[in-house]
Amino acid sequence: MRILIVEDETRIADFLQRGLRAEGHFPVVANDGESGLALALEGDFDLILLDMMLPGLHGREICQQLRMSKINTPLIILSAMDSLDDVIAGLRMGADDYMTKPFSFEELLARIETVMRRSSEVASEEQSLAVGSLSFDRDSLRFTVDGKEIKMTAKELAIIELLMSHPGTLFSRERILSNVWGMNMDPLTNVVDVYIGKLRKKIDGDRTDSIIETVRGLGYRLNL
Ligand code: CA
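Residues numbered from 1 in each chain as written. Predicted model: local features only at pLDDT ≥ 70, side-chain atom pairs only at ≥ 80, totals over all residues. Heavy atoms only, no water.

1. Some remarks on the sheet that holds strand β5 (residues 97–101)
Pairing is parallel in the open sheet, where five strands are placed in the order β2-β1-β3-β4-β5. Of all strands in the sheet, those bounded by a partner on one side alone are β2 (26–30) and β5. Across the sheet, the mean angle separating the axes of adjacent strands is 20° when strand polarity is ignored. Where strand β1 (residues 2–6) meets strand β3 (residues 47–51), four bridges bridge the pair, whose relative direction is parallel. Pairing of V6 across the sheet is with L50, part of β3. Where helix α3 (residues 59–68) meets the sheet, it contacts β1, β3 and β4 (75–80), and its direction lies at approximately 150° from that of β3. (Pairing = 2+ DSSP bridges. Helix = DSSP H or I, 4+ residues; strand = E, 2+ residues; numbered from the N terminus. Axes fitted to C-alpha atoms, helices over the stretch in contact; angles between N-to-C directions. Contact = heavy atoms within 4.5 Å.)

The structure is reproduced here in structure tokens:
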């Protein structure tokens, strides 16, 4: 994993860097708050280890700015005991876990594992999906193509959400029926095809090749 270490104490930063490298990770160190935030904002890391008391910018502000910028990289606070208030503030602002210094490296590795496992579970239920020109927000149920909102019925949304959640995967009619209609048998109608037809009319616009591809005899998938 690419791990960003934001830590001003060289001794700790070096220790973390060496240990994480030995575990096969790719750590990058930022020694102050501003460069830490700038690097973290690039969103190019799998995990961030964040000290609280930092020159330039407080760890709490880094947390807050990241979450406000919708950077949801898993983040563990590494903090000295005396800044418990900061730890609590950090957790409220979206940190995933915290460890108080001094800590054991073994424990840090275990915490990293837990945070990563949790975050991969969350990622599978992302609030919004974006695939090619399509985007769907699960909270507002807003669906757009090229940024333009398209009104959908509940079933239409359920189908497109299913296809978007696994872009490129082929979905048989049976699988769509079971996911969207809760039916585990063939209803002997072409209801899926009818709905796919409706969806295409709404989302394809002027495209000659449909966004939803028919794989003859097998089912449908998003045409990316
Ligand atoms: Ca510090």
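2. Comments concerning the packing of aromatic side chains
Aromatic ring pairs are described here by two measures, namely the spacing of the ring centres and the angle between the planes. The final tally for this structure, using the stated rule, is two aromatic pairs. Relative to F105, the ring of F15 has its centre 5.7 Å away and its plane inclined at 70°; by these criteria the two rings are edge-to-face. On the criterion of sequence distance, the pair formed by F15 in helix α1 (residues 10–22) and F105 in helix α5 (residues 105–123) is long-range, its members being 90 residues apart. Seen from their ring centres, W181 and Y195 are 5.2 Å apart, and the 70° between their planes marks the pair as edge-to-face. Taken as a pair, W181 in helix α7 (residues 173–181) and Y195 in helix α8 (residues 191–203) lie far apart in primary sequence, 14 residues in all. Stacked on the ring of F45, the Lys or Arg R2 has its end atom at 4.7 Å from the ring centre. Residue placement shows K198 over the ring face of Y195; its charged tip is 4.5 Å from the ring centre. (Phe/Tyr/Trp six-rings, centres within 6.5 Å; stacked < 30°, edge-to-face > 60°. Lys NZ or Arg CZ within 6 Å of the ring centre and 35° of its normal.)

3. Re the pairing of strand β10 (residues 212–215)
Of the pairings in the sheet, the one linking β10 to strand β11 (residues 219–222) comprises four bridges and is antiparallel in character. Counterpart to I212 in the pairing with β11 is L222. Counted along the chain from β10 to the antiparallel partner β11, the turn is three residues long, and its residue G217 has a positive phi close to 80°.

4. What about the sheet that holds strand β8 (residues 142–145)?
Taken together, the four strands give an open sheet; going across it, the order is β6-β7-β8-β9, and neighbouring strands pair in antiparallel fashion. Edge strands, defined here as strands with exactly one partner in the open sheet, are β6 (128–131) and β9 (148–149). Sheet analysis places β8 next to β9, joined by two bridges and oriented antiparallel. Paired with V145 across the two strands is K148, which belongs to β9. Across the sheet, helix α6 (residues 154–165) lies against β6, β7 (134–137) and β8, angled at about 115° from β7, the strand it touches most.

5. Overview of the domain arrangement of the chain
When cut into domains, the chain gives domain 1 (2–123) and domain 2 (128–222). For domain 1 versus domain 2, the separation of C-alpha centres amounts to 39 Å. (Domains from an automatic or database assignment.)

6. Some words on the coordination of the calcium ion
Bound to the calcium ion on the protein side are D8 (OD), D51 (OD) and M53 (O), at distances that span 2.1 to 2.3 Å. Spacing between the donor residues of the calcium ion along their common chain follows D-x42-D-x1-M. Here D8, found in the loop between β1 and α1, pairs with M53, found in the loop between β3 and α3; they are 45 residues apart in sequence, far enough to count as distant. (Donors = N, O, S within 2.8 Å, 3.2 Å for Na, K, Ca; no water.)

7. A few points about the nonpolar core
With 28 residues, the main nonpolar core has F143, I160, M164, I203, I212 and L222 as its most contacted residues. Breaking this core down by element, the ones donating at least two residues are β6, β7, β8, α6, α7, α8 and β11. The contacts of I212, once residues within four sequence positions are left out, are I160, L163, I196, L199, R200, I203, Y220, R221 and L222. V6, A30, C63 and L66 belong to the second-largest nonpolar core, a separate cluster that totals 18 residues. (Core = buried A, V, L, I, M, F, W, Y, C linked by side-chain atoms within 4.5 Å. Buried < 20%, exposed > 50% of the residue type's maximum accessible area, 1.4 Å probe, protein only.)

8. Considerations on the pattern of salt bridges
The tally for this structure, following the rule as stated, stands at 14 salt bridges. Ionic pairing is found between K101 and E7, a salt bridge with its closest N-O pair at 2.9 Å. Of this pair, K101 sits in strand β5 while E7 is found in the loop between β1 and α1, placing the two residues 94 residues apart along the sequence. With a shortest N-O distance of 2.4 Å, E161 and R138 are connected by a salt bridge. Residue E161 is located in helix α6, and its partner R138 is located in the loop between β7 and β8; the two are separated by 23 residues in the primary sequence. We classify E161 as partly exposed; its relative accessible area is 23%. R138 sits in the buried class, given a relative accessible area of 18%. (Salt bridge = Lys/Arg side-chain N within 4 Å of Asp/Glu carboxyl O.)

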